[in-house]
Amino acid sequence: MTMTIHKDKTRFFGVGEPLIQRQRDQGIDPAACMDLIKGLGCTAYRSWMHITEILTDPQTPDPEAVAQHKRLLDRAAQLDIEVTGMSHEWFLPEGCKQRMGHAMPERDLTPGSLYMQALEMLEQSWRTMASLFPQVKIWEVGNEWNLNAFLHPDGFLDTDMSKPFTPDEKYDIAVDMMYFAARGIRKGNPEAKVASFSPALSTEGLGGGLPYFFPVMYGVAWALDQVYSRIASGRFWSVKTDDYFDLVAWHPYVFTTRDVPDYELFMDVEEPDTLWRDFNDAAYRVMKRYGDADKQVLLTETGFTDCGNPEWEKRYAAYNQKILRYAMEMPYVRTLHNFRLLNENAMLQRAGIEDNQIGGLTEVYFGLFTDPEEGCRPRLRAKAIQEMTGATQDLEALGRRVSETMKK
């Protein structure tokens, strides 16, 4: 396969963290965290900007939430850090069991149905969001919709969760949602770019529909093929992929290839090799087949969790450098966002909910820096990334500044 596009890597090094949520939970200064990101040598940032936390309804902003995000975005602009804004929550109409969340009513294209009302609310919400935040250059309209946790039937979480959408139902709904989200963003800010929802791994337990005998990360390519084939079918809103997204996003985490339960996939992973590269190239091969070879790709989440194990921390710092080197050689990749900036173990321990966090310990130890309540010290992966970017700022000092903002 010949790939000769997008050799400019000026926005290649990125990082993600829900900084406004951390501000609310711990009192940190998000602007100081942007200095931390700059100190790593990163030029891109993925920001959690949930529709339901910024708006009170599809047309009405929450002034305090808007002001918080604007301060963060203005600091990013001052530092020349490109922002990708992401929301994986939305509003639902009256008549649904829920008023917001990751849920959708049953697909029904009849005018006035709950489903069509939900899509119209989604379009209006994204129009409002894009008009509020012109600093955001790219909007990622959904997170891991190929998985049951992030796209499920209305009321799913209030039941025994035994009846998720089927994979076909999820992909039908995802295509609808991308079309209406993109339409809203373009009305709100014609200059902004739209990124697709970001598929991740696929397992029988988590959802996605990938045949069980494939390595789980081929679930990204599988999901993209399901999306592209629907757009090309002529049975949806447009046969032009540009009407759904300008860039393609996915989450190429490194998982163990051993036969383990879903919750252990992040643990004690093998060294990434050409198989990791082929997970990504397979997704790009889907894009190429459907005429999107010239679209850029955002790897909007990938990283390593060491679960607090010092041996794993050292090993995964080297693994992180290795996947960055691979991705640098993938000409279709615009940005790789390392997940995530900060550990959150201290915050969760203080609240007494660490064991209830999604993914347990695997979720809380992805950080490049320790929890701000533990000094926000650079961990080995932070130093490994800075070594690759060539930045020279004192990460210890920058981390102390973040930690000290909690005391003001």
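**Examining the overall build of the protein chain**
Link 1 in the chain: For the protein chain, the count of helices and strands is 13 helices and 14 strands.
Link 2 in the chain: Its C-alpha atoms give the protein chain a radius of gyration of 20 Å, within 12% of the compact-globule value 22 Å for 408 residues.
Link 3 in the chain: Dimensions of the protein chain, computed from the C-alpha atoms along their principal axes, are close to 60 × 50 × 45 Å.
Link 4 in the chain: By residue count, 60% of the 408 residues in the protein chain fall in the buried class.
Link 5 in the chain: Of all intrachain contacts in the protein chain linking residues separated by at least 6 positions in sequence, the fraction that spans at least 24 positions is 76%.
Link 6 in the chain: With an accessible surface of roughly 16500 Å², the protein chain has 49% of that area assigned to carbon and sulfur atoms.

**Points about the pattern of salt bridges**
Link 1 in the chain: Per the stated rule, a full pass over the model turns up 29 salt bridges.
Link 2 in the chain: Across the pair Arg-183 and Glu-123 runs a salt bridge, and its minimum N-O distance is 2.9 Å. Residue Arg-183 is located in helix α6 (residues 167-188), and its partner Glu-123 is located in helix α5 (residues 114-132); the two are separated by 60 residues in the primary sequence.
Link 3 in the chain: Residue Arg-183 is classed as partly exposed on the basis of its relative accessible area of 33%.
Link 4 in the chain: Put simply, Asp-281 and Arg-277 hold a salt bridge, and the shortest N to O gap is 3.4 Å. Of the two residues, Asp-281 and Arg-277 are both situated in helix α8 (residues 274-289); the distance of four residues between them amounts to about one turn of the helix. For the residue pair Asp-281 and Arg-277, the accessibility class agrees, reading buried in each case.
Link 5 in the chain: Connected via shared salt-bridge partners are Glu-17, Arg-22, Arg-340, Glu-344 and Asp-371.

**Here we look at the nonpolar core**
Link 1 in the chain: Met-104, Phe-133, Trp-139, Trp-145, Trp-250, Leu-341 and Phe-369 are the most contacted members of the largest nonpolar core, which has 124 residues in total.
Link 2 in the chain: In terms of residue count, the dominant contributor to this core is α6 (eleven residues).
Link 3 in the chain: By size, the runner-up hydrophobic cluster in this structure holds five residues, among which are Ile-138, Leu-247, Ala-249 and Leu-298.

**A short note on the side chain of Thr-335**
Link 1 in the chain: Mapping Thr-335 onto the fold places it in strand β14 (residues 333-339).
Link 2 in the chain: We classify Thr-335 as buried; its relative accessible area is 1%.
Link 3 in the chain: A distance of 2.8 Å separates the side chain of Thr-335 from the backbone oxygen of Arg-11, its partner in a polar contact.
Link 4 in the chain: Leaving out residues up to four positions away in the same chain, Thr-335 has contacts with Arg-11, Phe-12, Gly-14, Ala-44, Glu-82, Val-297, Leu-298 and Leu-299.

**Section: the packing of aromatic side chains**
Link 1 in the chain: This structure, assessed with the given rule, holds 29 aromatic pairs.
Link 2 in the chain: Between Tyr-253 and Phe-266, the aromatic rings sit 5.2 Å apart at their centres with planes inclined by 85°, giving edge-to-face as the arrangement. Here Phe-266 lies in the loop between β12 (248-250) and α8 and Tyr-253 lies in the loop between β12 and α8, a separation of 13 residues in the sequence.
Link 3 in the chain: For Tyr-253, a relative accessible area of 4% puts it in the buried group.
Link 4 in the chain: With a centroid separation of 5.1 Å and an interplanar angle of 70°, the aromatic rings of Phe-339 and Phe-366 are classed as edge-to-face. Of this pair, Phe-339 sits in strand β14 while Phe-366 is found in the loop between α11 (361-364) and α12 (380-389), placing the two residues 27 residues apart along the sequence. For the pair Phe-339 and Phe-366, one class covers both residues: buried.
Link 5 in the chain: An aromatic cluster of three or more residues is present, and its members are Trp-48, Tyr-253, Phe-255, Phe-266, Phe-339 and Phe-366.
Link 6 in the chain: When the ring centre of Trp-48 is taken as origin, the NZ or CZ atom of Arg-46, which lies over that ring, is 4.9 Å away.

**What to know about the pairing of strand β2 (residues 44-48)**
Link 1 in the chain: The element β2 is extensively covered by neighbouring structure, given that five of its five residues are classed as buried.
Link 2 in the chain: Here β2 shows two buried faces, one formed by Ala-44, Arg-46 and Trp-48 and the other by Tyr-45 and Ser-47.
Link 3 in the chain: Both strand β1 (residues 13-16) and β2 contribute to a ladder of three bridges, which runs parallel. Looking at the pairing, Gly-14 lines up with Ala-44 of β2.
Link 4 in the chain: Note that β2 and strand β5 (residues 82-86) share five bridges and pair parallel. When the bridges of β5 are listed, Ser-47 appears paired with Gly-85.

**Regarding the sheet that holds strand β11 (residues 193-195)**
Link 1 in the chain: The strand order β11-β9-β5-β2-β1-β14-β13-β12 describes an open sheet built from eight strands, whose pairing is parallel. Looking at the sheet topology across the chains shown, the edges are occupied by β11 and β12. For this sheet, the mean inter-axis angle between neighbouring strands, taken without regard to orientation, is 25°.

**As for the confidence of the model for the protein chain**
Link 1 in the chain: Overall, the prediction assigns the protein chain a mean pLDDT of 93, with 94% of residues at 70 or greater.
Link 2 in the chain: Under a pLDDT of 50 for its full length, residues 1-5 has, in the predicted model, 17 contacts with residues more than four places off or in other chains.

**Re the side chain of Arg-277**
Link 1 in the chain: Classification of Arg-277 as buried rests on a relative accessible area of 19%.
Link 2 in the chain: At 3.3 Å, the side chain of Arg-277 and the backbone oxygen of Glu-329 are in polar contact.

The rules behind each value
- Residues numbered from 1 in each chain as written.
- Predicted model: local features only at pLDDT ≥ 70, side-chain atom pairs only at ≥ 80, totals over all residues.
- Heavy atoms only, no water.
- Helix = DSSP H or I, 4+ residues; strand = E, 2+ residues; numbered from the N terminus.
- Rg over C-alpha atoms; globule rule 2.2 N^0.38 Å.
- Buried < 20%, exposed > 50% of the residue type's maximum accessible area, 1.4 Å probe, protein only.
- Contact = heavy atoms within 4.5 Å.
- Areas by Shrake-Rupley, 256 points an atom, 1.4 Å probe, with all protein chains shown as cover.
- Salt bridge = Lys/Arg side-chain N within 4 Å of Asp/Glu carboxyl O.
- Core = buried A, V, L, I, M, F, W, Y, C linked by side-chain atoms within 4.5 Å.
- Polar contact = N/O pair within 3.5 Å; in protein donor to acceptor, adjacent residues only side chain to side chain.
- Phe/Tyr/Trp six-rings, centres within 6.5 Å; stacked < 30°, edge-to-face > 60°.
- Lys NZ or Arg CZ within 6 Å of the ring centre and 35° of its normal.
- Pairing = 2+ DSSP bridges.
- Axes fitted to C-alpha atoms, helices over the stretch in contact; angles between N-to-C directions.
- pLDDT = per-residue confidence, 0-100.

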